[in-house]
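Notes for the structure review
These are the residues of each chain, in order.
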Amino acid sequence: MYQTIVCRLYSRSAYYQSGGAYGFRDQLQDSLSCKYLDVDILKNQILKHARHQFEEGDVEHWWHDDTKRGIRTRFSDDLLWLVYSVCEYIEFTNDFSILDEEVPYLRGNLLGIGEDEKYDIHEESELKESIYKHAIKAIEKALDFGENGLPKIGSRRLE
């Protein structure tokens, strides 16, 4: 637990994350194990990460709080970690009130055709909605199926 909290959550220093950035998927995954020690760690990560979801439903793959800079991507694997973390929190605590917590989204330039990712400054949006609505937006964004009916995964490049 010490290594998870100090290395992964506080310093954000690991093999693939040496720049001290928050990773959308990474810190949510790491905070899931903390529910056994202090469930507020998980709750606070959920609220923090929801603030790094764009109005369109996608999320910053990673970011630095102090510069408001982060990377917007087409990565599909980040999208449902917020939903999964909320479900785990509720199942563990039976506290449904987290669904009513309101947090703002981010605003930012959309990715262009053929653009897989973009590092940019993203501002807090005036639009503030419940964690429930954040989760719905994430699910809707993830519901992207190919011609064979299977969900698309990876970086969904638009040509």
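Our subject is the structure listed above.
Please read all numbers here as calculations on a predicted model, not as lab measurements.

The rules behind each value
Residues numbered from 1 in each chain as written. Predicted model: local features only at pLDDT ≥ 70, side-chain atom pairs only at ≥ 80, totals over all residues. Heavy atoms only, no water. Salt bridge = Lys/Arg side-chain N within 4 Å of Asp/Glu carboxyl O. Helix = DSSP H or I, 4+ residues; strand = E, 2+ residues; numbered from the N terminus. Polar contact = N/O pair within 3.5 Å; in protein donor to acceptor, adjacent residues only side chain to side chain. Contact = heavy atoms within 4.5 Å. Phe/Tyr/Trp six-rings, centres within 6.5 Å; stacked < 30°, edge-to-face > 60°. Buried < 20%, exposed > 50% of the residue type's maximum accessible area, 1.4 Å probe, protein only. Lys NZ or Arg CZ within 6 Å of the ring centre and 35° of its normal. Axes fitted to C-alpha atoms, helices over the stretch in contact; angles between N-to-C directions. Parallel < 35°, antiparallel > 145°, perpendicular 65-115°, else oblique. Left-handed = near helix turned anticlockwise from the far one by under 90°. Nonpolar A, V, L, I, M, F, W, Y, C, P; charged D, E, K, R; others polar. Patch = residues over 30% accessible without salt bridge, like charges linked within 9 Å, V, L, I, M, F, W, Y side chains within 5 Å. Areas by Shrake-Rupley, 256 points an atom, 1.4 Å probe, with all protein chains shown as cover.

**Some points on the pattern of salt bridges**
- Inspection of the entire model under this criterion finds 12 salt bridges.
- The residue Lys-118 makes a salt bridge to Asp-120 at a minimum N-O spacing of 4.0 Å.
- The structure contains a network of salt bridges with shared partners spanning Arg-25, Asp-26 and Asp-77.

**Some points on the side chain of Thr-73**
- Along the chain, the position of Thr-73 falls in strand E3 (residues 69-73).
- Within the structure, the side chain of Thr-73 is placed 3.1 Å from the backbone nitrogen of Phe-75, a separation counted as a polar contact.
- In this structure, Thr-73 is in contact with Asp-58, Val-59, His-61, Leu-111, Asp-116 and Glu-117, ignoring residues within four places of it in sequence.

**Concerning the packing of aromatic side chains**
- The full count for this structure, using the stated rule, is five aromatic pairs.
- Judged by centre distance (5.4 Å) and plane angle (85 degrees), the rings of Tyr-36 and Phe-92 are edge-to-face. Of this pair, Tyr-36 sits in the loop between helix H2 (24-32) and helix H3 (39-50) while Phe-92 sits in helix H4 (residues 81-93); the two residues are 56 residues apart in sequence, bridging distant segments of the chain.
- By relative accessible area, Phe-92 is classed as partly exposed at 39%.
- Joined through ring pairs, the aromatic side chains of Tyr-22, Phe-24 and Trp-63 make up one cluster.
- Its end group placed over the ring of Tyr-22, Lys-48 keeps NZ or CZ at 4.4 Å from the ring centre.
- Above the plane of the ring of Tyr-105 lies Lys-137, whose end atom (NZ or CZ) is 4.5 Å from the centre.

**Observations regarding the packing of H2 against H4**
- At a minimum axis distance of 10 Å, the contact between H2 and H4 shows a crossing angle of 15 degrees. In terms of orientation, H2 and H4 fall into the roughly parallel class. For H2 against H4, the interelement crossing comes out left-handed. Contact with H2, carried on its side by Phe-24, Arg-25, Leu-28, Gln-29 and Leu-32, involves Trp-81, Leu-82, Tyr-84, Ser-85 and Glu-88 of H4 and no other residues of that element.
- In terms of residue class, the contact of H2 with H4 is built from six nonpolar, two polar and two charged.

**A word on a nonpolar patch on the surface**
- A contiguous nonpolar surface patch, about 350 Å² in accessible area, is contributed by Leu-80, Ile-139, Leu-143 and Phe-145.
- For Ile-139, the position within the fold is in helix H5 (residues 131-142).
- A residue is classified by how much of its surface remains accessible, and Ile-139, at 31% relative accessible area, is partly exposed.

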